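Chain by chain, the residues:
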Amino acid sequence: MASAELAATYASLILADDGVDITSEKILAITNAAGVELEPIWASLLAKALEGKNVKDLLSNVGAGGGAPAVGAPAAAAGGAAASAEAPAEEKKEEEKEESDDDMGFGLFD
């Protein structure tokens, strides 16, 4: 990562730690005070990506996303028939979506 990108990330973490709303103007102010030249587009993209999100919750749940499938597999084995009954229902829904694409009258390679 370039130093400007890291500076913008650190600026957003500083704002989140202080409980201040993360805006592109505030990110630019912090990076400029640190002597890092950051293009305004990157600050606005980062601010929009973090808009309405609790950055502290995102940081505390970093490892939670990777562990979910591993936790689900033992639960499915313990659940027995209940877990196996849910899987075919999901597959049927996906098949119906594929069939509705064929009804359009044209295909990708026509």
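Structural data are supplied above this passage.
So, a few notes on the structure that sits alongside this text. Values in this document were obtained by computation on a predicted structure and should not be read as measured data. (Residues numbered from 1 in each chain as written. Predicted model: local features only at pLDDT ≥ 70, side-chain atom pairs only at ≥ 80, totals over all residues. Heavy atoms only, no water.)

Here we come to the packing of helix α2 (residues 24–33) against helix α3 (residues 40–50). Look at α2 against α3: their axes get within 8 Å of each other, and the N-to-C directions meet at 130 degrees. One way to sum up the angle between α2 and α3 is to call them oblique. The two elements α2 and α3 meet at a crossing, and its hand is right-handed. Along the contact surface, α2 presents Ser24, Ile27 and Leu28, while α3 presents Pro40, Ala43, Ser44, Leu46 and Ala47. In terms of residue class, the contact of α2 with α3 is made up of 6 nonpolar, 2 polar and no charged. (Axes fitted to C-alpha atoms, helices over the stretch in contact; angles between N-to-C directions. Helix = DSSP H or I, 4+ residues; strand = E, 2+ residues; numbered from the N terminus. Parallel < 35°, antiparallel > 145°, perpendicular 65-115°, else oblique. Left-handed = near helix turned anticlockwise from the far one by under 90°. Contact = heavy atoms within 4.5 Å. Nonpolar A, V, L, I, M, F, W, Y, C, P; charged D, E, K, R; others polar.)

Another aspect to go through is the side chain of Ser12. Mapped onto the elements, Ser12 comes out in helix α1 (residues 3–18). In this structure Ser12 comes out as buried when scored by relative accessible area, which is 4%. In terms of polar contacts, Ser12 uses its side chain to reach the backbone carbonyl oxygen of Thr9, at 2.7 Å. Residues within four places of Ser12 in sequence aside, it is in contact with Ile22, Ile27, Leu46 and Leu50. (Buried < 20%, exposed > 50% of the residue type's maximum accessible area, 1.4 Å probe, protein only. Polar contact = N/O pair within 3.5 Å; in protein donor to acceptor, adjacent residues only side chain to side chain.)

On to a nonpolar patch on the surface, then. A cluster of nonpolar side chains, Tyr10, Leu13, Leu59 and Val62, forms an exposed patch at the surface whose accessible area comes to about 400 Å². Among the structural elements, Leu13 can be located in helix α1. (Patch = residues over 30% accessible without salt bridge, like charges linked within 9 Å, V, L, I, M, F, W, Y side chains within 5 Å. Areas by Shrake-Rupley, 256 points an atom, 1.4 Å probe, with all protein chains shown as cover. Salt bridge = Lys/Arg side-chain N within 4 Å of Asp/Glu carboxyl O.)

Turning to α2, a few remarks are in order. For α2, the full list of buried residues reads Ser24, Ile27, Leu28 and Thr31. Looking straight down α2, one finds its buried side chains confined to an arc of 95 degrees; they lie on one side. Exposed and facing more than 90 degrees away from the buried side of α2 are Glu25 and Ala33. Here the buried face of α2 lies against α1 and α3. Immediately beyond the C-terminal end of α2, within one or two residues, lies Gly35, with a positive phi of roughly 85 degrees. (Arc of directions from axis to C-beta.)

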